[in-house]
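Each chain, letter by letter, is given below.
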Amino acid sequence: MSKATVSMKIGSDGVAIITMSNPPVNALAPAVIAGLKEKYAEAMSRRDVKAIVLTGESGKFSGGFDISVFIEVQKTGDLSVLPDVSVDLVMKTIEGAEKPSVAAIHGLALGGGLELAMGCHARISTPDALLGLPELSLGVIPGFGGTQRLPRLVGLQKAIEMMLLSKPIKAKEGYGNGLVDTIAPPEELLTVARRWALEIAEGRKAWRKTLDRTDRLSALYETRQKLYAFRKYSERTPNMPQNQLCLDAIEEGIVHGGYAGVLKESRIFKELVLSSTSKSLVHVFFALRATSKVPNLTGVGLRPRPIRKVAIIGGGLMGSGIATALILSDIHVVLKERDPAFRGLKTVEANLKGLVKKGPLTQEKMRKALSLLKGVLDYSEFECVDMVIEAVIENAPLKQTIFNEVEKLCPPHCILATTTSTIDLNIVGKNTNSHDRIIGAHFFSPAHVMPLLEIVWSEKTSPQVILDLMNIGKMMKKVPIVVQNCTGFAVNRTFFPYHHASALVLHLGVDPYRIDRVIRKFGMPMGPNQLADLVGYGVVSAANVIYSSAFKGRTFESNLLEMMIQDGRKGKENGRGFYLYQRGSKPKPDPSLQAIIDESRRHANLIPSGKSISISDQEIMEMIFFPAVNEACRVIDEGVVVRASDIDAASILGMGFPRHRGGLLFWADTLGSIYIFSKLKNWANAYGGLFAPSPYLEERAKKGLPLSTTTSPPNASISRM
Ligand SMILES: C[C@H](O)CC(=O)SCCNC(=O)CCNC(=O)[C@H](O)C(C)(C)COP(=O)(O)OP(=O)(O)OC[C@H]1O[C@@H](n2cnc3c(N)ncnc32)[C@H](O)[C@@H]1OP(=O)(O)O
């Protein structure tokens, strides 16, 4: 039975309070929309109702239209499932009614929720409620009149900013810019709203239909100039058709009037729901949220323990980044360094100053965060910490020594985490008796910026420890993805064949800069060769050694990086790699690299004639991405991830895989397992094991099934511990 309801309570003052309820965010499911229509009809017909206050249950107004309905429509293509809200409910029933409506907003009013509120004749809100139209981040545009009413309330500039950035504002700001009529404390919200509604009904306050307003709109010439500027800005994101189309809907309403705008908006909204961008972005919305549900771990009565103080070992880039993120989350940090100059502490300070300079952090918050940080050179503070995070170089014996030491010094409840990106947890904890509290916390660099946290568990890690780390990750505003212990874990493991395939393609004679261009055009932030420059050849080479021994027969070996190092190239670090780097200018291709590449190609001998293969951009892209898809299949099959969509979330957050493609596996499924299998099989025949299709991929292709599964893979249960 649906939990979505709409109730109505009529007070002796003649105000009907209509309340939407659909936990947890009062999403506007079809049942809520039907309920609203029914209650409004009743309120209009009753003589004892003079005015209406519209609100939401449990401290929230509404999180907008029920996004799961998009999935239904996208699966079936049946647009008739979308109820007529824009004209029928918002315009005719609420805005055009003979009795006034006032929205009483608390918690949040997002998307369709805010659009309902804007159809009301006034909006009263608690000060901290979040108001916004984030539809563009789902690949659609507002579809309940938002593109028309928001500019009429807050002005064109602010309205477009709010929509294009999908960034909500607080009601306090909305009060300043016309979106909210007055602010009321939570305990007085309904009282103020019902009084306001009565005053409108009795003619003591203005009865304003937002769609009819023009006072916040500027002259047509100025409007067009602004729209032009935003169109230019939106050209930077060519894969987001919704951005330009949103501007089209706004323009229609300003040029031809609100009603024409509402109709155009509705047409575009429906078109976009079925677009590939929306399908991908809606998938990403749910994929990100699914990561916090882990079978047999969450929702089974375990509660995360409080973590008040964390010790970090190592003040390098990783350690200082993690320290920055932790103190910004109000957690005390002890940063243990070897260097008495405390370079790590200085890096943390520089990280915070960078955030202040860019805007998201105030000086005061920076000072507060720094007050939570202490640098030490020994283990003296470790006896009172709740978690240790080891962040030293990828050296197994060093890590083993550290874990052996901290095991004795830290309290028994203390979590022992390692930031290793490749080394097996059992090897790290080999010399300890604490395997149940040893866990991998694989942050991505820079750790105070990158949103992904891979939480790595071994068969001995306690579920409580996994849950604690998930909780800490959320406090640090990371998306924690729980993965099983294996070489490279989920992200690096999935993407090592991407790097190896890129190297192989280069050794088939394809120019490295062309490879990078193709991959950038696909939507990655940079190509694999530029990424190698950024990461540093030391790290890349060390990881390659580990992959070569763990995944024998599935790698591509070349001595290109070694030769580049011998040539004095360190990548971005010393300004010479695949590219030449100079401060203030974009990386430039380096023609002098060609001789080294030629030499490496001769060694690899993939093209004995020395003649480059003839290959299209599409083939380059597929040859580089399909091996990663293939490895992702192994990762699913082995139960390294809890569900296939975790790979999608991780590929976007950890590797910069384009969000508008929905993540690696979602994208792969748009091409089909049969196609990918046949391509890989051909390349495996020509170029070897790097391309050999995995049994999982082969089975899926033979059965014509998608690669993503909706249920957890068979091996992924935490209960196996
Ligand atoms: C026609 C219209 O113009 C079209 C629209 O309105 S499209 C919808 C526009 N609204 C949005 O984009 C808001 C989307 N939601 C959010 O940003 C966030 O969920 C939120 C800010 C509301 C709450 O965030 P937070 O408290 O961190 O909780 P979060 O985990 O994200 O969500 C809680 C649950 O509500 C669900 N949910 C949130 N908004 C939802 C929505 N609009 N529809 C369906 N489910 C929704 C989430 O999927 C999650 O479900 P789960 O517990 O089963 O995983």
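If you're wondering where the values come from, they're calculated on a predicted model, not measured in any experiment. (Residues numbered from 1 in each chain as written. Predicted model: local features only at pLDDT ≥ 70, side-chain atom pairs only at ≥ 80, totals over all residues.)

**Student:** For this particular structure, what's the right way to read the overall build of the chain?
**Tutor:** Secondary structure summary: the chain contains 29 helices and 19 strands in total. Since a compact globule built from 721 residues should have a radius of gyration of about 27 Å, the 28 Å found for the chain is in line with a globular shape. Considered along the principal axes of its C-alpha atoms, the chain spans approximately 85 × 60 × 50 Å. The buried share among the 721 residues of the chain stands at 49%. Here the contacts in the chain between residues at least 6 apart in sequence split such that 73% fall between residues at least 24 apart. (Helix = DSSP H or I, 4+ residues; strand = E, 2+ residues; numbered from the N terminus. Rg over C-alpha atoms; globule rule 2.2 N^0.38 Å. Buried ≥ 20, exposed ≤ 12 C-beta atoms within 10 Å, placed from the backbone. Contact = placed C-beta atoms within 7 Å.)

**Student:** Would you take a moment to explain the UniProt feature "domain: 3-hydroxyacyl-CoA dehydrogenase C-terminal" (unreviewed entry) in the chain for this structure?
**Tutor:** Look at the UniProt record and you will see "domain: 3-hydroxyacyl-CoA dehydrogenase C-terminal" (unreviewed entry) annotated at residues 488–581. Secondary structure over residues 488–581 splits into 61% helix and 2% strand, and the C-alpha atoms at its two ends are 29 Å apart. (UniProt positions renumbered as here; feature names shortened; annotations may be inferred.)

**Student:** Explain unusual backbone geometry to me, please; I cannot follow it from the model alone.
**Tutor:** Generally, phi is negative for residues other than glycine and the peptide bonds are trans, each holding for most cases. The omega torsion of the bond from proline 23 to proline 24 falls at 5°, within 30 degrees of zero and hence cis. As for its placement among the helices and strands, proline 24 is situated in the loop between strand 2 (15–21) and helix 1 (30–45). Here the bond from serine 445 into proline 446 is cis, since omega is -5°, no more than 30 degrees from zero. With respect to the secondary-structure elements, proline 446 resides in the loop between strand 15 (438–443) and strand 16 (452–457). Backbone geometry places phenylalanine 489, a non-glycine residue, at a positive phi of 55°. Mapped onto the elements, phenylalanine 489 comes out in the loop between strand 17 (479–484) and helix 19 (491–507).

**Student:** Can you help me understand the UniProt feature "domain: 3-hydroxyacyl-CoA dehydrogenase NAD binding" (unreviewed entry) in the chain in this one?
**Tutor:** Cross-referencing UniProt, the feature "domain: 3-hydroxyacyl-CoA dehydrogenase NAD binding" (unreviewed entry) maps to residues 309–486 in the present numbering. Within the segment residues 309–486, helix and strand shares are 37% and 22% respectively, and the terminal C-alpha atoms sit 29 Å apart.

**Student:** Would you take a moment to explain the sheet that holds strand 7 (residues 130–132) for this structure?
**Tutor:** Strands pair in a sheet through their backbones, by hydrogen bonds, and they do so in one of two ways: parallel or antiparallel. Here we have 3 strands laid out as an open sheet, ordered 5-7-8, and mixed in their pairing. Bordering the open sheet on either side are strand 5 (108–110) and strand 8 (169–170), each of which pairs with just one other strand. Note: strand 7 against strand 8, 2 bridges, orientation antiparallel. By the bridge assignment, leucine 130 is partnered in strand 8 with lysine 170. Against the sheet, helix 4 (residues 112–119) contacts strand 5 and strand 7, and its axis sits at roughly 95° relative to strand 5. (Pairing = 2+ DSSP bridges. Axes fitted to C-alpha atoms, helices over the stretch in contact; angles between N-to-C directions.)

**Student:** Before we go on, may I ask you to explain the domain arrangement of the chain in this structure?
**Tutor:** When the parts of a complex come together, some accessible area is lost, and that lost area is often taken as the interface size. Here the chain is partitioned into domain 1 (5–274), domain 2 (309–485) and domain 3 (492–703). Just the C-alpha atoms count here: the centres of domain 2 and domain 3 sit 30 Å apart. On the side of domain 3, 13 residues touch domain 2, which itself brings 11 residues to the contact. Considering each element in turn, the side of domain 2 that touches domain 3 owes the most residues, 5 residues, to strand 17. Partitioning the side of domain 2 that touches domain 3 into residue classes produces 7 nonpolar, 3 polar and 1 charged. (Domains from an automatic or database assignment. Nonpolar A, V, L, I, M, F, W, Y, C, P; charged D, E, K, R; others polar.)

**Student:** What is the right way to look at the sheet that holds strand 2 in this model?
**Tutor:** Read from one edge to the other, the open sheet built from 6 strands follows the order 1-2-3-4-6-9, with strand pairing classed as mixed. Two strands close off the open sheet at either side, each with one partner strand: strand 1 (5–10) and strand 9 (182–183). Across 3 bridges, strand 3 (residues 51–56) lies against strand 4 (residues 101–105) in parallel orientation. Paired with valine 53 across the bridge in strand 4 is valine 102. Its contacts with the sheet place helix 1 against strand 1, strand 2 and strand 3, and it is angled at close to 20° to strand 1.

**Student:** Help me understand the site of the ligand, please; the structure alone is not making it clear to me.
**Tutor:** As a structural note, the neighbourhood of the ligand is formed by 22 residues, with Gly64, Phe65, Gly111, Gly112 and Gly143 the closest of them. For the shell around the ligand, the secondary structure elements donating two or more residues are helix 2 (67–76), strand 5 and helix 4. Across the shell around the ligand, the residue classes break down as 11 nonpolar, 7 polar and 4 charged. (Near = placed C-beta within 6 Å.)

**Student:** Teacher, can you tell me more about the pairing of strand 10 (residues 309–313) here?
**Tutor:** Consecutive side chains along a regular strand alternate between the two faces of the sheet. By the criterion of burial, strand 10 is predominantly enclosed, with 4 of the 5 residues buried. A crossover connection joins strand 10 to the parallel strand 11 (residues 332–336) through helix 13 (residues 317–327); in handedness this β-α-β unit is right-handed. Judged from the 4 bridges that link them, strand 10 and strand 13 (residues 387–390) form a sheet pairing that is parallel. By the bridge assignment for strand 13, alanine 311 is matched with valine 388. (Right-handed = clockwise from strand over helix to strand, strands pointing away.)

**Student:** Whenever I open this one, helix 14 (residues 343–358) confuses me. Can you help?
**Tutor:** Every α-helix carries 3.6 residues per turn, so stepping three or four residues along brings you back to the same face. Helix length check: helix 14, at 16 residues, gives a terminal C-alpha distance of 22 Å against a target of 22 Å (1.5 Å per residue), a fit within 8%. For helix 14, every residue scored as buried is listed here: Gly344, Thr347, Val348, Asn351 and Leu352. Seen along its axis, helix 14 keeps its buried residues to an arc of 135°; they face one direction. Exposed side chains of helix 14 directed beyond 90 degrees from the buried face belong to Ala350 and Lys357. Considering only its buried residues, helix 14 is in contact with helix 13, strand 11, helix 15 (363–370) and strand 12 (373–376). A positive phi of about 120° marks glycine 359, the residue just after helix 14. (Expected span 1.5 Å × (residues − 1). Arc of directions from axis to C-beta.)

**Student:** Explain the nonpolar core here, please?
**Tutor:** Soluble globular proteins tend to bury their nonpolar side chains together. Ala197, Val388, Ile439 and Ile455 are the most contacted members of the largest nonpolar core, which has 211 residues in total. Valine 388 has contacts with Ala311, Ile313, Phe382, Val406, Cys410, Cys414, Leu416 and Ala417, leaving out every residue within four places of it along the chain. (Core = buried A, V, L, I, M, F, W, Y, C linked by C-beta atoms within 7 Å.)

**Student:** Explain the environment of alanine 16 here, please?
**Tutor:** Note on placement: alanine 16 falls in strand 2. Among the residues examined, alanine 16 registers 25 C-beta atoms within 10 Å and is labelled buried. Measuring from C-alpha to C-alpha, the distance between alanine 16 and valine 53 comes to 6.2 Å, with 37 residues separating the pair along the chain. Leave out the neighbours within four places in its chain, and alanine 16 touches Met8, Ile10, Ala43, Val49 and Ile52.

**Student:** I keep staring at the pairing of strand 11 and nothing clicks. Help me out?
**Tutor:** Counting buried positions over the 5 residues of strand 11 gives 4, a clear majority of the element. The pairing of strand 10 with strand 11 spans 5 bridges and is parallel. Residue pairing for strand 11: isoleucine 313 is matched across the bridge by lysine 336. Bridge count between strand 11 and strand 12: 4 bridges; the pairing is parallel. If you follow leucine 335 over to strand 12, its bridge partner there is glycine 375.

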